[in-house]
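# Report on the structure
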Amino acid sequence: MISIKSDREIALMEEAGRIVALAHRKVREAIRPGISTYELDKIAEEVIVGEGATPSFKNYEGYPASICASINNVVIHGIPSKKIILKNGDIISIDIGACYKGYHGDSAMTHGVGEVSPKRLELMRITKEALFTGLSYAKPGNRLSDISHAIEEYVLAHNCSVVKDFTGHGVGRKLHEDPMVPNYGAAGHGPVLRKGMTLAIEPMVNIGKSGVRIMADGWTTVTADKSDSAHFEHSIVITDDGYKILTIEGDENVKK
Ligand code: MF3
Ligand code: CO
């Protein structure tokens, strides 16, 4: 069942989203060659806890950290570690969730470390643009798969592939709520979007083929062909005439 959030609930989700965005900014400012993903995890955790929230991912189905930090061919769910040190030229996907007064915000973005190759910069640009292309279909009356289809179409047109084994999702009282939001498929299917639905849209895009594998730790998800991957995610609410991004700081929202 897809829950429709009240204005009160949306206000709490905006606060959760602001905290996620703040944590992203602090992590981004710390990213440089030589820093470990463990240190990035601690930075995010301190921001989240300092703002009166809790890290959504910690202990979620046994996940051991506050953020996911996924480098190069790691697609998602990279577990922060003192042994994983950023190098010049890497790309790193940071995924952060925070729960404030019982409501979650969830957002991911990929950053370059130092000087990054044009190919990797292009992958990041395509993935971010795929997210916003999908979001342009997030409005009342459209079907959910209109978003999914637009994401896949954009990615394929740019000679990359979308990961199919993981999807976006509803978000709110739980980190993962109905509906699942695939990043592929035909348009015109699934539930009709309605004001007050809250969704986490999150394309994961590979330079190579779409297949992924999960490593022996049960989390770290890598591309099967070892190609690079990027990930952008925002939590949004469907509004009267479009959507509003929840995982953003202040008034950066551009109404669509
Ligand atoms: N953004 C990811 C998701 O929505 C992060 C989940 S990591 C986990 O699935 F540890 F919480 F699973
Ligand atoms: Co998510």
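In case you missed it, the structure is sitting above this.
A short tour of the structure in this document, coming up. Please read all numbers here as calculations on a predicted model, not as lab measurements. (Residues numbered from 1 in each chain as written. Chains lettered and ligands numbered in written order. Predicted model: local features only at pLDDT ≥ 70, side-chain atom pairs only at ≥ 80, totals over all residues. Heavy atoms only, no water.)

### Let's talk about the overall build of the chain
Tallying secondary structure elements over the chain gives four helices and 15 strands in all. Buried residues in the chain amount to 56% of all 256 residues. If you take every contact in the chain between residues at least 6 apart in sequence, the share linking residues at least 24 apart comes to 70%. Carbon and sulfur atoms make up 52% of the accessible area of the chain, which amounts to about 11,100 Å² in all. Of the side chains in the chain, 30 bear a positive and 33 a negative charge, and the two mean positions are spaced by 1 Å. (Helix = DSSP H or I, 4+ residues; strand = E, 2+ residues; numbered from the N terminus. Buried < 20%, exposed > 50% of the residue type's maximum accessible area, 1.4 Å probe, protein only. Contact = heavy atoms within 4.5 Å. Areas by Shrake-Rupley, 256 points an atom, 1.4 Å probe, with all protein chains shown as cover. Lys, Arg positive; Asp, Glu negative; His and termini not counted. Charge placed at Lys NZ, Arg CZ, Asp CG, Glu CD.)

### Overview of the site of ligand 1
Of all residues adjacent to ligand 1, which total 13 residues, the nearest are D95, D106, H169, H176 and E233. In the model, an oxygen atom of ligand 1 is placed 2.8 Å from a nitrogen or oxygen of the H176 side chain. Taken by itself ligand 1 offers 330 Å² of open surface, and the protein chains cover 94% of this. Taken together, the residues of the shell around ligand 1 break down into six nonpolar, three polar and four charged. (Near = heavy atom within 4 Å. Polar contact = N/O pair within 3.5 Å; in protein donor to acceptor, adjacent residues only side chain to side chain. Nonpolar A, V, L, I, M, F, W, Y, C, P; charged D, E, K, R; others polar.)

### Quick word on the coordination of the cobalt ion (ligand 2)
Taken together, the protein donors to the cobalt ion (ligand 2) comprise D106 (OD), H169 (NE2), E202 (OE) and E233 (OE), at separations of 2.1 to 2.3 Å. Around the cobalt ion (ligand 2), the six donor atoms are arranged such that angles at the metal cover 65 to 166°; this shape is classified as irregular. Along the chain, the residues donating to the cobalt ion (ligand 2) fall in the pattern D-x62-H-x32-E-x30-E. Here E233 lies in the loop between β13 (229-231) and β14 (234-238) and H169 lies in strand β7 (residues 168-170), a separation of 64 residues in the sequence. Assigned by exposure class, H169 and E233 land together as buried. (Donors = N, O, S within 2.8 Å, 3.2 Å for Na, K, Ca; no water. Tetrahedral: all angles 85-135°; square planar, octahedral: opposite > 155°, others 65-115°.)

### What to know about the packing of helix α1 (residues 7-30) against helix α2 (residues 37-50)
At their nearest, the axes of α1 and α2 sit 9 Å apart, and the two run at 145° to each other. Crossing hand, α1 versus α2: right-handed. Here α1 contributes I19, L22, A23, K26, V27 and A30 to the contact with α2, which in turn contributes L40, I43, A44, V47 and I48. Here the residues of the contact of α1 with α2 sort into 10 nonpolar, no polar and one charged. (Axes fitted to C-alpha atoms, helices over the stretch in contact; angles between N-to-C directions. Left-handed = near helix turned anticlockwise from the far one by under 90°.)

### With respect to the sheet that holds strand β8 (residues 177-181)
In a beta sheet, neighbouring strands pair by backbone hydrogen bonds and run either parallel or antiparallel. Read across the sheet, five strands follow the order β8-β7-β9-β14-β15 without closing on themselves; strand pairing throughout is antiparallel. Either end of the sheet is taken by a strand with one partner, and the two such strands are β8 and β15 (243-245). Going across the sheet, the axis of each strand differs from the next one's by a mean of 25°, ignoring polarity. (Pairing = 2+ DSSP bridges.)

### Topic: the pairing of β14
If a strand is regular, its side chains alternate between the two faces of the sheet. Burial analysis of β14 places five of its five residues in the buried class, which makes it a mostly covered element. Side chains H234, I236 and I238 project from β14 onto one buried face, and the interleaved S235 and V237 project onto a second face that is buried too. Here three bridges tie β14 to β15, and the two strands are oriented antiparallel to one another. Bridge pairing in β15 places I238 opposite Y243. Remark: four residues form the turn of the hairpin made by β14 and β15, two consecutive strands paired antiparallel.

### What to know about the sheet that holds β13
With antiparallel pairing, three strands are arranged side by side in an open sheet as β6-β10-β13. In this open sheet, the two strands that pair with only one neighbour each are β6 (161-162) and β13.

### Observations concerning the side chain of T223
On the secondary structure map, T223 appears in strand β12 (residues 221-223). On the basis of relative accessible area, T223 is assigned to the buried category, the value being 2%. Engagement of the side chain of T223 in a polar contact is seen with the backbone oxygen of S227, the distance being 2.6 Å.

### Concerning the side chain of D146
Here D146 is to be found in helix α4 (residues 144-157). Although D146 lies buried, it forms no salt bridge, and the closest oppositely charged side chain, R143, sits 6.8 Å away as judged by the N-O distance. Here D146 is in contact with Y137, A187 and G188, once residues within four sequence places are set aside. (Salt bridge = Lys/Arg side-chain N within 4 Å of Asp/Glu carboxyl O.)

### Quick word on the environment of V113
Relative to the helices and strands, V113 resides in the loop between β5 (103-112) and α3 (118-135). When its relative accessible area of 1% is taken as the criterion, V113 is described as buried. Each C-alpha atom of the pair V113 and I91 lies 5.9 Å from the other, and the pair is 22 residues apart in sequence. Beyond its immediate chain neighbours, meaning those up to four positions away, V113 contacts I31, R32, P33, L86, K87, N88, G89, D90 and I92.

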